[in-house]
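# Observations on the three-dimensional arrangement
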Amino acid sequence: MAMDFPVDFRCPISMELMQDPVTISTGVTYERKNIEKWLFSYNKKTCPTTMQRINSFDITPNHTLKRLILAWQNEEAARSCESRPVRSLKHDELVSLLATMESTPFKVNSLKKLRAIVGLGHEVKDDFMRCGGVEVLVQIIAQILIETFDFVAFTACEEALGVLHQYLSLSEEDEKTIQLLSKPESIKSLAIMLQRGSGEARFYAVTIFQKLAQVDYNWKKFVIQDQGFEFFRSLLELVSDDQICTKASASALELLIEILGSSKTSRLKVIEAGAVCILIELLPDSNRSKCEKMLLLLKLLCECAEGRLALVEHGLGIAAISKKLLHVSSAATKITVKILWLICSYHPSERVLEELLIFGSVKKLLALLHIDNRSSTKEKVVKIFKLHGNSWRQNPCFPCELKDHLGLMNGSC
């Protein structure tokens, strides 16, 4: 169970107890790994708490606060020293099942029983961890690297994933488990299950990858050096076919957003795997939530020249994007405008500009100038018309009733 601790000991970004507190130029203290990610991975130029612009990126260790935190932790440890971990009522059964699994190749029945026991609550979950249960599960999962085509080993791996998913759903952040899952053999095994497992097993694999993404796992190394293309192709297959598992499809979308948001290198891999084509073809029939996520993925991909090119060269690319403008949600419209701005800025071919006109983007962008108040979205719309307003106005397909309005808008720009 999470321990309450003084507010001043919390990192303002993660709201978790700080282990390595550092202070930035605005005077605010953060956990080192969180503020470094904010400043150097996400390239932010403002203080997350005060939103002040940061002129100096120097980071100073806060030794005083660290001493206070350590002193508080020691006091808490002293208070709880007499309350040693208590064995759960299922302890003997846990030990027996784990011993059986380590001594026999036929593990599936034991894993099914283990899954039911681990799901009973935190007390059993903690006992399972102390008994070395996570290590046993990771060993079973890694076994498919050795026995790749063995049906028994594969089925056991799927069941082990189910137990691990059950365990992780009861854990806020288990650093030891994350470290075990981050090992190359674990990653490769999970990737195999993502490609070849049942719908349920794929869902479990995706959720474990999400856990890794949340603790800033080094995706770049995995994507470049291992099987990045196959990994992304498996995720895209889940996204495009929610008949496999609806939960897995939604989780795969979220995982892609997490990965692509923090790794530009991985965007090239996912473009190579056909992401732009798949997302464009799924957009027309997607619900609001899924549509917003797909548009966000397309926006991330369009920040690369290869992504923009794939979108404009797709026969339905401009049409699919145009249809979603002003028809899904304000969040979807904001993302769509960003995509159109990127295309209009970097790929304004005659055909692209004509398609934007024919499929209604230009008319909707003009409407946005009246609907939207002063915002970054409206500023992008104005920039688009500054670049191409005259070209559209001279096009014979441009609605006559809007020509005067566009002329006035261009004059005011």
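Scoring rules and cut-offs
- Residue numbers restart at each chain and count upward from 1, following the sequence in its written direction.
- The predicted nature of this model means local features are confined to residues of pLDDT at least 70 and side-chain atom pairs, given and counted, to a pLDDT of 80 or more, with totals for whole chains, interfaces and linings taken over all residues.
- Only hydrogens and water are set aside; all other atoms, that is, all heavy atoms of the structure, feed into the side-chain values.
- For helices, the axis comes from a line fit to the C-alpha atoms of the stretch in contact; other axes are also lines fit to C-alpha atoms, and the angle between any two N-to-C directions lies between 0 and 180 degrees.
- Helix numbering and strand numbering both begin at the N terminus, where a helix is a DSSP run of H or I of at least 4 residues and a strand a DSSP run of E of at least 2.
- For classification, angles of less than 35 degrees are called roughly parallel, those exceeding 145 degrees roughly antiparallel, those between 65 and 115 degrees roughly perpendicular, and all remaining angles oblique.
- In this analysis, two residues are considered to be in contact whenever any of their non-hydrogen atoms come within 4.5 Å of each other.
- Gly counts as polar in this scheme, as do all residues outside two lists: the nonpolar Ala, Val, Leu, Ile, Met, Phe, Trp, Tyr, Cys and Pro, and the charged Asp, Glu, Lys and Arg.
- Centres within 6.5 Å make a pair out of two Phe, Tyr or Trp rings, where for Trp the six-membered ring is used; the pair is then stacked when the planes are under 30 degrees apart, edge-to-face when over 60, and tilted otherwise.
- Both a distance and an angle decide whether a charge sits over a ring: NZ of Lys or CZ of Arg must be within 6 Å of the ring centre and within 35 degrees of the ring normal.
- Patch construction takes residues with relative accessible area above 30% that form no salt bridge. Like charges are linked within 9 Å, and nonpolar side chains (Val, Leu, Ile, Met, Phe, Trp, Tyr) are linked within 5 Å.
- Every accessible area reported is derived by Shrake-Rupley at a probe size of 1.4 Å, with residue values counting cover from the shown protein chains alone.
- For this document, the term salt bridge refers to a Lys or Arg side-chain nitrogen within 4 Å of an Asp or Glu carboxyl oxygen.
- One less than the residue count of a helix, multiplied by 1.5 Å, gives the span that helix is expected to have.
- Think of it in three bands: with a 1.4 Å probe and only protein chains considered, a residue is buried below 20% of the maximum accessible area for its type, exposed above 50%, and partly exposed in between.
- We treat two strands as partners when DSSP finds at least two bridges between them.
- Here, the term nonpolar core denotes a set of buried Ala, Val, Leu, Ile, Met, Phe, Trp, Tyr and Cys residues that are joined through side-chain atoms within 4.5 Å.
- Definitions used throughout: a 1 Å grid over protein atoms alone; a cavity as a set of points that fits a 1.4 Å probe which cannot get out; a pocket as an open set with protein on both sides within 12 Å along at least five of seven lines; a lining residue as one with an atom within 4 Å of a point.
- Grid points are joined across faces, edges and corners, and a volume is the space filled by probe spheres set on the points.
- pLDDT is defined as a per-residue confidence score from the predictor, taking values between 0 and 100.

### Some remarks on the packing of helix 17 (residues 305-313) against helix 19 (residues 330-346)
Put simply, helix 17 and helix 19 touch, their axes get as near as 11 Å, and they point 95 degrees apart. Taken as axis vectors, helix 17 and helix 19 run roughly perpendicular relative to one another. Note on element contacts: helix 19 touches helix 17 through Ile 339, Leu 342, Ile 343 and Tyr 346, opposite Arg 308, Leu 311 and Val 312. Here the residues of the contact of helix 17 with helix 19 sort into six nonpolar, no polar and one charged.

### Some words on the packing of aromatic side chains
This model, assessed by the stated rule, comprises six aromatic pairs. Arranged with centres 6.0 Å apart and planes meeting at 50 degrees, the rings of Phe 203 and Tyr 204 form a pair that is tilted. Here the aromatic residues Phe 209, Phe 231 and Phe 232 are joined through ring pairs into a cluster of three or more. The residue whose ring lies beneath Arg 308 is Tyr 346, and the NZ or CZ to ring-centre distance is 4.3 Å. Positioned above the aromatic ring of Trp 341 is the side chain of Lys 380, whose terminal nitrogen or guanidinium carbon lies 5.7 Å from the ring centre.

### Here's the deal with a nonpolar patch on the surface
Among the surface-exposed residues, Phe 106, Phe 151 and Val 152 lie close enough to one another that they form a single nonpolar patch of about 360 Å² accessible area. Tracing the chain through its elements places Phe 106 in the loop between helix 3 (91-103) and helix 4 (108-118).

### Here's the deal with helix 13 (residues 246-262)
Between the first and last C-alpha of helix 13 there are 25 Å, a value that for 17 residues agrees with the 24 Å anticipated at 1.5 Å per step. For helix 13, the complete set of buried residues consists of Ala 248, Ser 249, Ser 251, Ala 252, Leu 253, Leu 255, Leu 256, Ile 257, Ile 259 and Leu 260.

### Examining the sheet that holds strand 2 (residues 29-31)
Two modes of strand pairing occur in sheets, parallel and antiparallel, and in both the strands are linked by backbone hydrogen bonds. Taken in spatial order, the three strands make up an open sheet running 2-1-3, and their pairing is antiparallel. Two strands close off the open sheet at either side, each with one partner strand: strand 2 and strand 3 (60-61). One ladder, built from two bridges, connects strand 1 (residues 21-23) with strand 3; its direction is antiparallel. Within the sheet, the bridge partner assigned to Thr 23 lies in strand 3 and is Thr 60. Running at roughly 95 degrees to strand 2, helix 1 (residues 32-41) makes contact with strand 1, strand 2 and strand 3 of the sheet.

### Some thoughts on the nonpolar core
If you look at the biggest cluster of nonpolar residues, it comprises 104 residues, and the most contacted ones within it are Leu 114, Phe 128 and Leu 311. Core analysis: the next-biggest nonpolar cluster, separate from the first, contains 16 residues, Leu 17, Cys 47, Ile 54 and Trp 72 among them.

### Comments concerning the environment of Ile 187
Within the secondary structure layout, Ile 187 lies in helix 9 (residues 184-196). Relative accessible area serves as the criterion here: at 1%, Ile 187 is assigned to the buried category. In this structure the C-alpha to C-alpha distance between Ile 187 and Phe 209, which are 22 residues apart in sequence, comes to 8.6 Å.

### Things to note about the environment of Ile 13
Inspection of the secondary structure puts Ile 13 in the segment before strand 1. What makes Ile 13 partly exposed here is its relative accessible area of 35%. Along the chain, Ile 13 and Asn 34 lie 21 residues apart, while their C-alpha atoms are 6.8 Å from each other. With residues near it in sequence (within four places) discarded, Ile 13 still touches Tyr 30, Asn 34, Ile 35, Trp 38 and Pro 48.

### Focus on empty space enclosed by the protein
Picture a little ball the size of a water molecule; that probe, rolled over the atoms, points out where space is still empty. Counting across every chain of the model gives two cavities of 30 Å³ or more. Within this model, the second largest cavity holds a volume of roughly 30 Å³. Surrounding the second largest cavity, Leu 236, Leu 256, Leu 260, Val 270, Ala 275, Leu 279, Leu 297 and Leu 301 form its lining. Where the lining of the second largest cavity is concerned, the elements lending two or more residues are helix 13, helix 15 (275-282) and helix 16 (288-302).

### What about the confidence of the model for the chain?
Put simply, the chain has an average pLDDT of 84, and 88% of its residues get 70 or more. Taken element by element, the chain is modelled with least confidence in helix 23 (residues 400-412), mean pLDDT 52, and with most confidence in helix 15, mean pLDDT 95.

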